[in-house]
Amino acid sequence: MLALGFGLNAVAGAAVGIPLLGYVLSSFLKPRQLDWVSLGPVEKFPEGKTRLGNYKNPFHRSWDGSTADIPCWVRRIKGNEFQVFAINCAHLGCPVRWFEESKLFMCPCHGGAYYEDGERAAGPPPRGLFTYEFKIDNGNLMILAGALPTLAQPNA
Amino acid sequence: MKVPIQKLTDLGLGIFNWVDDRLHVKKIWESTAGHHVPQSAGSWFYVFGSATLLCFMLQLVTGIMLALVYVPSADESYATLEYLTYHQQLGWFLRGMHYWGSNFMVGIMLLHMTQVFLFGAYKYPREITWLSGLALLVCTLGLAFTGQVMRFDEDAYWGLGIGAAIMGRVPFIGQQLVDFMLGGQIIASETLSRFFALHVFVLPGAVIALVSLHLRMVLTKGINEYPVPGMVVRRDTYDKEYAAILKKEGVPFFPKAIDKDIIAASFVIGGIVACAFFFGPKGPGGPADPLQIDANPRPDFWFLWIFAIAALMPAEIETFALLVGPAVIGLVLVALPFVNGTGEKSWRRRPVAVIVTLLVWISLGMLTYLGVTSPWSPVMDGWSAETTPDAKILNRTPLELQGAVTLQYKQCRNCHAIDGLGGERGPSLSDVGLRLTKPQLVRQVVQGGGNMPAYGQNLSPSEVEALAQYMISLRPEGIPPARDTTLPRKPKD
């Protein structure tokens, strides 16, 4: 009788536990999603300059508020040659700032610095800035976005 | 009318006995508040544990109060925080008490831990007391970190980013851990909800359970006697010795040993209330709007030392240190009562323990100080906000003045100070002309190195020349510039 009780409760426990774990640990099961978003017409970004762009997280929720708006640095080298950098420092994710005069990105947290092409210039970052994949579609600059870039998954 | 005192007393006693018959109140009281402790444990050094618990209870009460107004949604939380701080009657004070209560709780808990360590209270037979205390430390730091996220401002937002970046350094499952921590692929509403659930349900629940265990151990294994040099703990004799101490000088915790706890409690509450009243709550800072990229994220006080380590660690070992370091510290702390479970308890006979304690506190103190001043961070407006002192411009040639302009315009001063004005990331330039020769200056500017970016791509030769000339002029009056000592001295030197 007791054995039957244990057996039944093992089934009941699994019926509760498996969905529960599946719910909480969904990040371990779901494949990563990215989507193309527009940063606006290419003309917004003058040649030879680096400008702050922004987009709405393609997977945002209606209650995300301002956290749905994500900034990025857009460097238009010339013509359709672009580099789109994540705002997050490759060290620990703080927002890097662009300094046009010295052509450097500087991080306010731990002093990381990057050259205008995103390469690491100084400080603790282990690599250059994270970059987005981009394409030009109908005169619009599109990037593949939707995730916070980290060293584990550098594609922003 | 005559008051029937006798009847009322009988009635009261009757009710008490009825309740006691069902709940065994007397027995529980005697075995908890009335349990016997060594008289020597009624010391001022023994008040930190109860003071930590007191902070936690205050956090529960003020936390519930805040939850009456706060909305854990990325869209609304900032507005509710502002409402709490500026409109809700006494909301600022409740927020202040919750903020300062958390600071006090972590601080007093660390004092408690230090005292337990120095008094050898973790030794046999109180291993589980120590281990449950460690778990409480982890939960309390967890509460402090998640609480910082509840103040959903720019510090919270970028603090989450830092947490995610550390998770992202974990090999193999880094990405999954990042998404697990954030509740999605990005810092957003689900991140806040997740941390809210941790902060108000999971962690406080865990603390209540762990405190029960912690106090249960205090009851079953007794509070540590005040250590006496020369009284050595042995596994086979300690229990008898402790029983003998209790028999000889045992007193009931209530009312004989609790007096100092009660007095300390009033000071702790008084301190929290005073800080809340005079300093108020922290923030909220700027809203958690990622587009506000001029954020200058800093963690709360008790995490500043980690912030400093992250800046000072050589990049090559950082991932290893960030991931393995905590595990090693955890392992050492867990192993402590097992590898060092016997022997002397008194700190007077444990020089290594004293040195370790001092080193840890001094390191934490220095790192926290560095975290506050963060000299490694560029001063973002150093180039546009700082003036150049008169003495550093007067009597300069046009070329040198051109160099001064270049130095300002190329943002050198975000990292280099002149007469204390500007960043501290790189060395001060106040008297750089004494330290470096012109070829050295040119090389450093053009090629960078030693944590300085190379400016060669970004400066014309004439700008480099002007810059070098200006920097050579940066030295005390009447003292010649640095010269290459491998070359023969020229007459005019």
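Residues numbered from 1 in each chain as written. Chains lettered and ligands numbered in written order. Predicted model: local features only at pLDDT ≥ 70, side-chain atom pairs only at ≥ 80, totals over all residues.

A tally of regular secondary structure across chain A gives two helices and 11 strands. In terms of overall dimensions, chain A is more spread out than a globule: its C-alpha atoms have a radius of gyration of 22 Å, far above the 15 Å expected for 156 residues. Counting only C-alpha atoms and orienting by the principal axes, one finds that chain A spans roughly 80 × 40 × 25 Å. Taking all 156 residues of chain A together, the buried fraction comes to 44%. The long-range share in chain A, meaning contacts at least 24 apart out of those at least 6 apart in sequence, stands at 46%. (Helix = DSSP H or I, 4+ residues; strand = E, 2+ residues; numbered from the N terminus. Rg over C-alpha atoms; globule rule 2.2 N^0.38 Å. Buried ≥ 20, exposed ≤ 12 C-beta atoms within 10 Å, placed from the backbone. Contact = placed C-beta atoms within 7 Å.)

Moving on, we come to the overall build of chain B. Of the regular secondary structure elements, chain B holds 20 helices and four strands. For chain B, the C-alpha radius of gyration of 30 Å lies well beyond 23 Å, the compact-globule estimate for 493 residues. Dimensions along the principal axes, computed over C-alpha positions, put chain B at roughly 110 × 60 × 55 Å. For chain B, buried positions account for 37% of its 493 residues. Counted over contacts in chain B with a minimum sequence separation of 6, partners at least 24 positions apart contribute 78%.

Let us look at the interface of chain B and chain A. On the chain A side, the residues contacting the 51 residues of chain B number 51 residues. Elements supplying a minimum of two residues to the side of chain B that touches chain A: helix 7 (154–167), helix 8 (174–182), helix 13 (304–312) and helix 14 (315–339) of chain B. With seven residues, helix 8 of chain B is the largest single contributor of residues to the side of chain B that touches chain A. Classifying every residue of the side of chain B that touches chain A by side-chain character gives 29 nonpolar, 14 polar and eight charged. (Nonpolar A, V, L, I, M, F, W, Y, C, P; charged D, E, K, R; others polar.)

Residues and elements named next belong to chain A. Alignment of strand 10 (residues 134–137) against strand 11 (residues 140–145), held across four bridges, turns out to be antiparallel. In the strand pairing of strand 11, Phe-134 is matched with Ile-143. The loop that links strand 10 with its antiparallel partner strand 11 comprises two residues; one of these, Asn-138, has a positive phi angle of about 55 degrees. (Pairing = 2+ DSSP bridges.)

A few words now on helix 15 (residues 351–373) of chain B. Residues and elements named next belong to chain B. Over its 23 residues, helix 15 runs 33 Å from end to end, which matches the ideal 33 Å to within 8%, given 1.5 Å per residue. A small share of helix 15 lies buried, amounting to one of its 23 residues. Downstream of helix 15 by a residue or two, Ser-374 has a phi angle that is positive, lying close to 30 degrees. (Expected span 1.5 Å × (residues − 1).)

We now examine the environment of Val-207 of chain B. Along the chain, Val-207 of chain B turns up in helix 9 (residues 189–221). For Val-207 of chain B, the contacting residues outside a window of four places in its chain are Phe-56, Leu-136 and Cys-139 of chain B.

Residue and element names in this part refer to chain A. Reading across from one edge, 1-11-10 is the order of the three strands in this open sheet, with antiparallel pairing throughout. Strands with a single pairing partner mark the edges of an open sheet, and in this sheet they are strand 1 (35–41) and strand 10. Averaged over all adjacent pairs, the angle separating strand axes in this sheet is 35 degrees, with direction ignored. (Axes fitted to C-alpha atoms, helices over the stretch in contact; angles between N-to-C directions.)

With that settled, consider unusual backbone geometry. Residue and element names in this part refer to chain B. For the peptide bond that leads from Phe-254 to Pro-255, omega is 10 degrees, which places it in the cis range. A cis geometry characterises the amide bond from Gly-283 onward to Pro-284, with omega recorded as 5 degrees. Mapping Pro-284 onto the fold places it in the loop between helix 12 (259–279) and helix 13. Phi at Asn-451 takes a positive value of approximately 75 degrees, unusual for a residue other than glycine. Exposure remark for Asn-451: the 15 C-beta atoms within 10 Å place this residue in the partly exposed category.

A common way to state how big an interface is: give the accessible area lost once the parts meet. Segmenting chain B into domains produces domain 1 (31–373) and domain 2 (382–472). For domain 1 of chain B versus domain 2 of chain B, the distance between C-alpha centres works out to 46 Å. (Domains from an automatic or database assignment.)

Before going further, it helps to examine helix 9 of chain B. Quick reminder: α-helices carry 3.6 residues per turn. Residues three or four places apart thus point the same way. End to end, helix 9 of chain B covers 46 Å across 33 residues, agreeing with the expected 48 Å (1.5 Å per residue, within 8%). At the C-terminal side of helix 9 of chain B, Gly-222 of chain B shows a positive phi close to 80 degrees.

Attention shifts here to the sheet that holds strand 5 (residues 97–99) of chain A. Adjacent strands of a sheet form backbone hydrogen bonds with each other and so pair up, either parallel or antiparallel. Residues and elements named next belong to chain A. If you trace the four strands from one edge of the open sheet to the other, you get 5-6-7-8, paired in antiparallel fashion. The sheet is open, and its two borders are formed by strand 5 and strand 8 (120–122), each paired with just one other strand. Each adjacent strand pair in this sheet contributes to an overall mean axis angle of 35 degrees, direction not counted. Across two bridges, strand 7 (residues 113–115) lies against strand 8 in antiparallel orientation. Its bridge partner lying in strand 8, Tyr-114 is registered against Arg-120.

Here we take up the packing of helix 17 (residues 398–409) of chain B against helix 20 (residues 461–472) of chain B. Residues and elements named next belong to chain B. Interhelical geometry of helix 17 versus helix 20 gives an angle of 100 degrees and a closest axis separation of 7 Å. By the criterion of interaxial angle, the relationship of helix 17 to helix 20 is roughly perpendicular. Of helix 20, the residues touching helix 17 (which contributes Leu-399, Glu-400, Gln-402, Gly-403, Ala-404, Thr-406 and Leu-407) are Glu-463, Ala-466, Leu-467, Gln-469, Tyr-470 and Met-471. Residues of the contact of helix 17 with helix 20, tallied by class, amount to seven nonpolar, four polar and two charged. (Parallel < 35°, antiparallel > 145°, perpendicular 65-115°, else oblique.)

Quick look at the confidence of the model for chain B now. Residues and elements named next belong to chain B. Of all residues in chain B, 99% attain a pLDDT of 70 or more, and the chain-wide mean is 94. Highest mean pLDDT in chain B belongs to helix 5 (residues 91–118) (98); lowest belongs to helix 11 (residues 253–257) (90). Scored by ipTM, the complex comes to 0.94, with pTM at 0.93. (pLDDT = per-residue confidence, 0-100.)

Glancing now at the environment of Tyr-70 of chain B. Topologically, Tyr-70 of chain B is positioned in the loop between helix 3 (48–67) and helix 4 (77–86). Aside from chain neighbours lying at most four places away, what touches Tyr-70 of chain B is Ser-77, Thr-80 and Leu-84 of chain B.

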